[in-house]
Amino acid sequence: MAFAKNVLRTDLIQGLLRCTITAYLCLAKITVRWRVESKEIPSEMMENKKPFIIAFWHGRLGMFVHAWRFENPVNIMISEHRDGLLISRAVAPFGINTLPGSSTKGGSSALRKVIRTIHRGEVVGITPDGPQGPRMRAGKGIVEASRLSGAPIIPLALSAKSAFVASSWDRLMIPLPFTTGIFLWGRPIYVPKDAGKEKIAKLTIALETTLNEMTAELDTRLGRNLIQPQKKP
């Protein structure tokens, strides 16, 4: 087992995995019939040169590269371990930048990166349940990032009619070729600069509820079995 893990971590195997992921993402981009709903919400923000934070669940990370169809730069927060580095390199050909960090660990460092990026006028994508869960449960880090940066949070739900769902903690969803996929943008959530702990907690719950309702809506419309949030520890 240890030998197998060491082999998987070699530069050669990591390079092959990266190429495989990138190639499949290209295939999905070409063959899946993607539909974007409420696109006017992020479009209006960018037309007015207002940066924002995108919130989407970690289990839908593999589909995000197809959701971003704008010229403006977008940066996704990715964990700093080897798996995060692999994902970072795999999505780079799609014009997606990555910020090493975690919304739940090393919070102060991650927050500084998010704030600097937003102050440059760029968009940041954060998975509120990443990098290790619990699944579909929002941490307060994304709300703190919104409060400190002044940028609103825009929820984004993603789903596909036919997809492989991994047994990983996040139930990673990978759309199959020639299926139908939908992206649904939600209304912006604004966090007051003077928000205290109680307000931040309420907004975190509101974001989690909104994202789960949007995700369940898409999964239901596409005839998928609903993936339930993990129980909180």
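Residues numbered from 1 in each chain as written. Predicted model: local features only at pLDDT ≥ 70, side-chain atom pairs only at ≥ 80, totals over all residues. Heavy atoms only, no water.

A. Molecular detail of helix α3 (residues 40-47). Those residues of α3 that sit buried are I41, P42, S43, M45 and M46. Where α3 is buried, its residues meet β6 (153-160) and β9 (180-185). Of the residues trailing α3, K49 is marked for its positive phi of about 55°. (Buried < 20%, exposed > 50% of the residue type's maximum accessible area, 1.4 Å probe, protein only. Helix = DSSP H or I, 4+ residues; strand = E, 2+ residues; numbered from the N terminus. Contact = heavy atoms within 4.5 Å.)

B. Quick look at the sheet that holds strand β4 (residues 96-100). The strand order across the open sheet formed by seven strands is β1-β9-β6-β2-β5-β3-β4, and the pairing between neighbours is mixed. Only two strands of the sheet have a single neighbouring strand rather than two, namely β1 (33-37) and β4. Going across the sheet, the axis of each strand differs from the next one's by a mean of 25°, ignoring polarity. Its contacts with the sheet place helix α7 (residues 141-149) against β2 (53-55), β5 (123-126) and β6, and it is angled at close to 165° to β2. Strands β1, β2, β6 and β9 of the sheet are contacted by helix α8 (residues 197-221), whose axis makes an angle of about 25° with β6. (Pairing = 2+ DSSP bridges. Axes fitted to C-alpha atoms, helices over the stretch in contact; angles between N-to-C directions.)

C. Spotlight on unusual backbone geometry. A cis amide bond links G130 with the next residue in sequence, P131, at an omega value of 0°. Position of P131 relative to the elements: it lies in the loop between β5 and α7. One non-glycine residue with positive phi stands out, namely K49, at about 55°. With respect to the secondary-structure elements, K49 resides in the loop between α3 and β2. In this structure, F178 takes a positive phi of about 70° despite not being glycine. By the element assignment, F178 lies in the loop between β8 (173-175) and β9. A residue is classified by how much of its surface remains accessible, and F178, at 59% relative accessible area, is exposed.

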